[in-house]
Amino acid sequence: MNGPYAEVIGDPIAQSKSPVIHGFWLKALGLPGDYRRQLVHGDGLADYLADRRADPDWRGCNVTMPHKQAIIPLLDRLDPSAGRIGAVNTVVREADGTLTGHNTDASGFLEPLRPWLRHQHLFRVARVLGTGGAARAIVTALAGKGFTLVLAGRDTEKARALLDELAPGEHHVAPLGHFAEATDFPFDDRIGCLDLIVNATALGMAGQPPLAFDLSHAPPGSIVYDIVTAPPETPLLAAARARGMPTVDGLEMLIGQADAAFRLFFGAEPPRDEDGALRALLTA
């Protein structure tokens, strides 16, 4: 197909919902263009970019696992947000053929939290599970909003190094297994506090083991946020909802980060008043 196009790359890539989102918006706006998915192995990343760089119809690509950090040395420049986070999820081909790396994960992650973040709090605490590329964006975003962080990972040294790099300050690390067993910890009065639990791992995704997180580790009133998109209703979110906790699913972040990428690729504002129809399409 001739005409402007963008795509999402990764390994694997068949599960990506990004073509549905961008295709929905292109059709709703009546814009010419296409959005595709492309399997790219690690050893083919440089050749892929060299080929696309020479194509004036190619507007850029979204980048998923495992390329968010590996792609950085192959780009000509980084947007400041990507530079701070140290991971790229969006590459844009400029008019002169140069490639700029962006990170829209951070803004996409924060988007559904805005109703809470617009209020003042005495204290904000986030327990973030995972130390991968998505966690880098999430840690950076939350530290910028005044959260004290507890970062949990299988490798606590990696978790500490990530915090030292991205969010220096009074933050804490914990082994991922710490949250698997029930606790009787007596949480203090949470009035004026904002508590957040974030699953930034692939655990709980279809085909992956479940996330072992006992909700007794979540202070009363915590928001539980799971970035897994398949299924959108993960066991963690179902358990939190059953306890009356507010929840945010991975489709919220996915649509939010796609919003920023769509503007970069196609120079248009997505029709966000159609989010209900888009979510129905994504979960059909």
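Novice: Please provide a residue-by-residue account of the sheet that holds strand S3 (residues 58-63), values included.
Specialist: With mixed pairing, six strands are arranged side by side in an open sheet as S2-S1-S3-S5-S6-S4. Each edge of the open sheet carries a strand with a single partner, namely strand S2 (34-39) and strand S4 (77-78). Bridging between S4 and strand S6 (residues 99-102) involves two bridges; their strand directions are parallel. In the strand pairing of S6, Arg77 is matched with Thr100.

Novice: Can you lay out helix H6 (residues 133-143) for me, pointing to particular residues and giving the numbers?
Specialist: Counting buried residues along H6, ten of its eleven residues qualify, which places the element largely inside the surrounding structure. If you check which residues of H6 are buried, you get Gly133, Ala134, Ala135, Arg136, Ala137, Ile138, Val139, Thr140, Ala141 and Leu142. Buried residues along H6 sit against helix H3 (80-85), helix H4 (105-110), strand S7 (123-129), strand S8 (148-153), helix H7 (156-166) and strand S10 (193-199).

Novice: Residues and numbers for the packing of helix H1 (residues 18-29) against helix H10 (residues 275-283), please.
Specialist: Between H1 and H10, the shortest axis-to-axis distance is 10 Å and the interhelical angle comes to 140°. The angle between the axes of H1 and H10 places the two elements in the oblique class. Classified by chirality, the crossing of H10 by H1 is right-handed. Contacts between H1 and H10 pair Val20, Ile21, Phe24 and Trp25 from the former with Ala277, Leu278, Leu281 and Leu282 from the latter.

Novice: Give a detailed account of the sheet that holds S8, specifying residues and quantitative values.
Specialist: What the six strands build is an open sheet, ordered S9-S8-S7-S10-S11-S12; its pairing is parallel. Because the sheet does not close on itself, it has two edges, and the strands there are strand S9 (172-175) and strand S12 (247-248). With five bridges joining them, S7 and S8 adopt parallel strand pairing. When the sheet's bridge partners are listed, Ala126 is paired in S8 with Leu149. Sitting on the sheet, H7 is in contact with S8 and S9, with an inclination near 160° to S9.

Novice: How would you explain the packing of helix H9 (residues 250-266) against H10 if you had to name every residue and give the values?
Specialist: Two quantities define a packed helix pair, namely the angle between the axes and the distance from one axis to the other. Interaxial distance between H9 and H10 falls to 12 Å at its minimum, and their mutual angle equals 120°. One finds that H9 runs oblique with respect to H10. As H9 packs across H10, the resulting crossing turns out to be right-handed. Note on element contacts: H10 touches H9 through Asp275, Leu278, Arg279, Leu282 and Thr283, opposite Leu251, Glu252 and Ile255.

Novice: So what's going on with the pairing of S9? Residues and values would help.
Specialist: Bridge analysis of S8 against S9 gives four bridges, and the strand direction is parallel. Bridged to Val150 within S9 is His172. A crossover links S8 with its parallel partner S9, the connecting element being H7, and its sense is right-handed.

Rules used in this analysis
Residues numbered from 1 in each chain as written. Predicted model: local features only at pLDDT ≥ 70, side-chain atom pairs only at ≥ 80, totals over all residues. Heavy atoms only, no water. Pairing = 2+ DSSP bridges. Helix = DSSP H or I, 4+ residues; strand = E, 2+ residues; numbered from the N terminus. Buried < 20%, exposed > 50% of the residue type's maximum accessible area, 1.4 Å probe, protein only. Contact = heavy atoms within 4.5 Å. Axes fitted to C-alpha atoms, helices over the stretch in contact; angles between N-to-C directions. Parallel < 35°, antiparallel > 145°, perpendicular 65-115°, else oblique. Left-handed = near helix turned anticlockwise from the far one by under 90°. Right-handed = clockwise from strand over helix to strand, strands pointing away.

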